[in-house]
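Summary of the model geometry
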Amino acid sequence: MSIANDRLSEVDTLFHSGVEMVRYDDPVMVVKDPESCESVTDVTQRRKPPRNPYNVHPMADTTGTLHDVLNCIRPPREWEDKGVLWRQYVSRDVVVREDVPRLGETLETALREHMARERPICVKRFQLIDEYFSEIIRQVTVDCVERGLLFLRVREYIKEVLSYYRGIYESSLAFSSDKVDKALAYKCDKRNLVVELKSEIEKLDRQVVDLKLQVDLLELNEEELAKNRQKKHNKKVQAIETSNNELRLLMSGMIVPSSKKKSLF
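As the structure is a prediction and not an experimental result, all values here were calculated from the model.

What follows is about a nonpolar patch on the surface. On the surface, V154, Y157 and I158 cluster together to form a nonpolar patch covering roughly 290 Å² of accessible area. As for its position among the elements, I158 is in helix α6 (residues 145–254).

The following block contains the structure:
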């Protein structure tokens, strides 16, 4: 319950526009010690009778329930001047026909002066419309207290809904800011990792270049060795072939054919 009350107080602060459209009675002096003053301290008797140019008969008592409902619309103002406490209540005057367009003009002028935007969501526009709606509730309440109570219930419900959506908005902001912080931290970590990986890649590239040079040198050495081996092999083959030819000639000279042997005998 306290959380809901805190939310409603936040919404009331949000909807305080600084522009007063709700009509108030003339301020009255609050007597702290009734015995020291001859005037009557009852608020309903000390206030001036409400202005009623059309002789409208309200559906409820204007001194009891009406007083409470009007205080729910706007609490009484209180201030102290030269040691005297003054109080100003919401007006109980009945609205006249000329007040309706004047109130609309006041709203339009306030919207222009405060440069309230139609879209997107504009807090100042909400504040002024809430003030305008409060004056409408006051006018309806003066005519019919029960109808004013219904309007008050509607206004409080709207404030509760706005408080609920504001809580969702704030929680989403907190969640998104937390996500942004985590994303930035993750990005910073990954950036450091990228720097480390790039340095490692450069190191490996240098190693690759060195290994390629070593491979080229090894290939050149292997090619020279292969040529030398081939030369030695060719020399050996040539020497063997030469020796083989010599031995073949020698053997051909040592072997005498059989026809020649018979002729000799």
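Let us keep going from here.
With that out of the way, let us pick up the packing of aromatic side chains. This model, assessed by the stated rule, comprises two aromatic pairs. A cation over an aromatic ring shows up here: R77 above the ring of Y24, its NZ or CZ 3.8 Å from the ring centre.

Taken together, the three bridges between strand β1 (residues 28–30) and strand β3 (residues 84–88) define a ladder with antiparallel strand orientation. Across the sheet, residue V30 finds its bridge partner in β3, namely L85. Pairing between strand β2 (residues 77–81) and β3: five bridges, direction antiparallel. The residue bridging E78 from the neighbouring strand is R87, located in β3. Between β2 and the antiparallel strand that follows it, β3, lie two residues; K82 among them carries a positive phi value of about 60 degrees.

Of all hydrophobic cores here, the largest spans 10 residues; its members are V22, Y24, L66, V69, L70, I73, V90, I137, V145 and L152. Going through the elements one at a time, α3 (65–73) and α6 are the ones with two or more residues in this core. Sorting elements by how many residues they give to this core places α3 first, with four residues. With near-sequence residues (within four places) excluded, I73 lies in contact with S134, I137, R138, T141, L152 and R155.

Running from N to C, helix α4 (residues 99–113) and helix α5 (residues 123–143) point in directions that differ by 165 degrees, and their axes come no closer than 10 Å. When the axis of α4 is compared with that of α5, the two are roughly antiparallel. In this structure, α4 crosses over α5, and the sense of that crossing is right-handed. Of the residues in α5, those touching α4 at L103, G104, L107, A110 and L111 are R125, L128, I129, Y132, E135, I136 and Q139.

In this structure, K82 takes a positive phi of about 60 degrees despite not being glycine. Within the secondary structure, K82 sits in the loop between β2 and β3. With a phi close to 50 degrees, M115 is a non-glycine residue in the positive phi region. The class for M115 is exposed, based on a relative accessible area of 68%.

Basis of the calculations
- Residues numbered from 1 in each chain as written.
- Predicted model: local features only at pLDDT ≥ 70, side-chain atom pairs only at ≥ 80, totals over all residues.
- Heavy atoms only, no water.
- Patch = residues over 30% accessible without salt bridge, like charges linked within 9 Å, V, L, I, M, F, W, Y side chains within 5 Å.
- Areas by Shrake-Rupley, 256 points an atom, 1.4 Å probe, with all protein chains shown as cover.
- Salt bridge = Lys/Arg side-chain N within 4 Å of Asp/Glu carboxyl O.
- Helix = DSSP H or I, 4+ residues; strand = E, 2+ residues; numbered from the N terminus.
- Phe/Tyr/Trp six-rings, centres within 6.5 Å; stacked < 30°, edge-to-face > 60°.
- Lys NZ or Arg CZ within 6 Å of the ring centre and 35° of its normal.
- Pairing = 2+ DSSP bridges.
- Core = buried A, V, L, I, M, F, W, Y, C linked by side-chain atoms within 4.5 Å.
- Buried < 20%, exposed > 50% of the residue type's maximum accessible area, 1.4 Å probe, protein only.
- Contact = heavy atoms within 4.5 Å.
- Axes fitted to C-alpha atoms, helices over the stretch in contact; angles between N-to-C directions.
- Parallel < 35°, antiparallel > 145°, perpendicular 65-115°, else oblique.
- Left-handed = near helix turned anticlockwise from the far one by under 90°.

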